[in-house]
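An overview of the molecular structure
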Amino acid sequence: MTSGCFPPLWILAQADESTAIQAQTYWLLGVVLGLLALAYLAGRVLKRYPPGSLNLALVERFNHRIRVWWMMCAILVAALMWGTGPTVFLFFLVSFWALREFITMTPTRRGDHRALFWVFIVFTPLQYLLVGLSGDFYGLYSILIPVVAGLFVPARIAFSGDHKRFLERSAKIAMGLFVCVYALSFAPALMNLRLTTSAGVKWGEEDSSLPNAGLLFYFVLIVQLEDVLQNVWTRLLGRRVIAPAINASRTWEGFLGGVTSATLVCALLWWATPFRFWEAACMSMIVAVAGFAGSMVMSAVKRDRGVADYGTLVQGHPGVLDRIDSLCFAAPVFYHLTRYFFCVFL
Amino acid sequence: MNVTGPFLALIAKLLSGASVRWLDCQPDTCQRVYFANHTSHLDALVLWASLPRDVRAVTRAVAARDYWERGPVRRHIAASFNVLLIDREKIKVHHSPVEIMLREIGNKYSLIVFPEGGRSENGEMGEFKSGLYYLAKRRPDLELVPVYMDNLNRVLPRGEVLPVPLLSCITFGPPMWLEAGEPKTQFLTRARAAIQRLKEM
């Protein structure tokens, strides 16, 4: 792992370009902070409206959401400033917690205990360790969970000798591990790529300690924007619900409007990435669609389990997994597209 | 200075990811008997850790002497969270577990008890033993607080050594008392139902 870049350094030592994050990343960060500040002010203004003229619960939810974003943004930026290691560790913690929520909601049996121990204590940390090691161990971390854990977990369950609903139990554990750990780990894995533009020109600082912090930030931004914009479009125009039995608040109008507007906004931020304008548009669109699909899938899992949120055993509190479901599905897609089209190998 | 106690409480909290709910009941340092369903070795520790610090200081879990006095590690753990050890094998008439508990708590301590006596095999609650009844009969002033511990049997089931860090939930219910002249079986059924009721809430 490369050594960390401490926050004071980038504030004071602007002249020393080699250790600093790229200028574009600061601009991107500036834009996001600006948007957040605007949203915060809007929330304040809405709160001042006389009671009765607005849906109070809606305003409260809006303000809550903005608070969550400030927090997410602060944590992510802090980790990114600190270096690759802390960023990978942050994603590890998120994955670990999401997996806890997933398995807690999923009925397993006594016979799964030892397999679950391996899942939590061995495979999850190992995946992130491989992602975080300097030098790109793509060959290992891309197979650890689908191949190694995918074969090991059912075997461990079989050895414990309980055949009841065997197929169901191993599938549930495999899906939890895949979505919460494997898929999400491709977000910090972006840091391992050596980026180029599509013309093959090297992109980014040569010896920066934070090679692709901006790209990771950009990716999170696409997904979050799509999520909020589809919500806005649904409220404005939403008529045709996609699948009422799965999620009553996701409509075709929200889907199309959300993907289109998120694509537009993120395409306009192309200068922060190695992509050209139209490339950024394509990437954003694909990522936005994947993110939307992610939340649909995780809603389906929740309906299957008969719960409203992952949160805790107590209902009514959204959990970590409720917030990252779209990130989980979009991360491997974004990573592999970038790896295929905008990356050189040694 | 006891460092093991707070440290263990922290570990137990992290490991069990416990969310704590107080339903029609508030944490208080008054003398109480917390009675809970028993599914895991972690139960006593997690319940104790889920209490606020000042309440924790005056609360003692009741546990089996034969288990907790085996080996220095267990003995140290038991001492650091002030466990009240009870002999399961040598029970004498004037030295019954209830007598010991009453003597030990005096007018200060609260108790954590598991009226099923042992850990259940499958997570279902077993029948209650009569200790809770005699405790309530001798000290009718003690508040009896039902506690339902959810999902801890999956964190550390019976017969396993290594825990899996899932999320659990601990629910404290409204206090109850022994009614005047209430028969033993009726009281025990009522106490068991009080925990069962928390499961559904």
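Residues numbered from 1 in each chain as written. Chains lettered and ligands numbered in written order. Predicted model: local features only at pLDDT ≥ 70, side-chain atom pairs only at ≥ 80, totals over all residues.

On to the overall build of chain A, then. Looking only at helices and strands, one finds 12 helices and two strands in chain A. Secondary structure elements of chain A, listed N to C terminal, follow the sequence α-α-α-α-α-α-α-α-α-β-β-α-α-α. Counting every position in chain A, which comprises 346 residues, the buried fraction comes to 40%. Considering only contacts in chain A between residues 6 or more positions apart, those separated by 24 or more positions represent 73%. (Helix = DSSP H or I, 4+ residues; strand = E, 2+ residues; numbered from the N terminus. Buried ≥ 20, exposed ≤ 12 C-beta atoms within 10 Å, placed from the backbone. Contact = placed C-beta atoms within 7 Å.)

Attention shifts here to the domain arrangement of chain A. Residues and elements named next belong to chain A. Taken domain by domain, chain A holds domain 1 (22-82), domain 2 (85-192) and domain 3 (193-312 + 320-346). Centre-to-centre, using C-alpha coordinates, domain 2 lies 22 Å away from domain 3. For the side of domain 2 that touches domain 3, the secondary structure elements donating two or more residues are helix H4 (84-105) and helix H8 (166-185). No other element matches the six residues that H4 contributes to the side of domain 2 that touches domain 3. Looking at the side of domain 2 that touches domain 3 residue by residue, the class counts come to 14 nonpolar, two polar and one charged. (Domains from an automatic or database assignment. Nonpolar A, V, L, I, M, F, W, Y, C, P; charged D, E, K, R; others polar.)

On to the interface of chain B and chain A, then. Each side of the interface is counted separately: chain B has 13 residues, and chain A has 12 residues. The residue makeup of the side of chain B that touches chain A, split by class, is seven nonpolar, three polar and three charged.

Take the nonpolar core next. All names here are of chain A. Counting residues in each nonpolar core, the largest one holds 139 residues, and the members touching the most others are Leu184 and Phe219. It is helix H9 (residues 213-237) that contributes the most residues to this core, 13 residues altogether. When residues no more than four places from it in sequence are discounted, the contact partners of Phe219 are Ala187, Leu190, Val287 and Phe334. (Core = buried A, V, L, I, M, F, W, Y, C linked by C-beta atoms within 7 Å.)

Another point: the sheet that holds strand S2 (residues 32-36) of chain B. Residues and elements named next belong to chain B. Taken together, the seven strands give an open sheet; going across it, the order is S1-S7-S6-S2-S5-S3-S4, and neighbouring strands pair in mixed fashion. For this open sheet the edge positions go to strand S1 (19-22) and strand S4 (84-86), each flanked by a neighbour on one side alone. The average angle at which neighbouring strand axes cross in this sheet is 25 degrees, direction not considered. As paired strands, S2 and strand S5 (residues 110-113) are joined by three bridges and run parallel to one another. Among the inter-strand pairings, Val33 is bridged to a residue of S5, identified as Leu111. (Pairing = 2+ DSSP bridges. Axes fitted to C-alpha atoms, helices over the stretch in contact; angles between N-to-C directions.)

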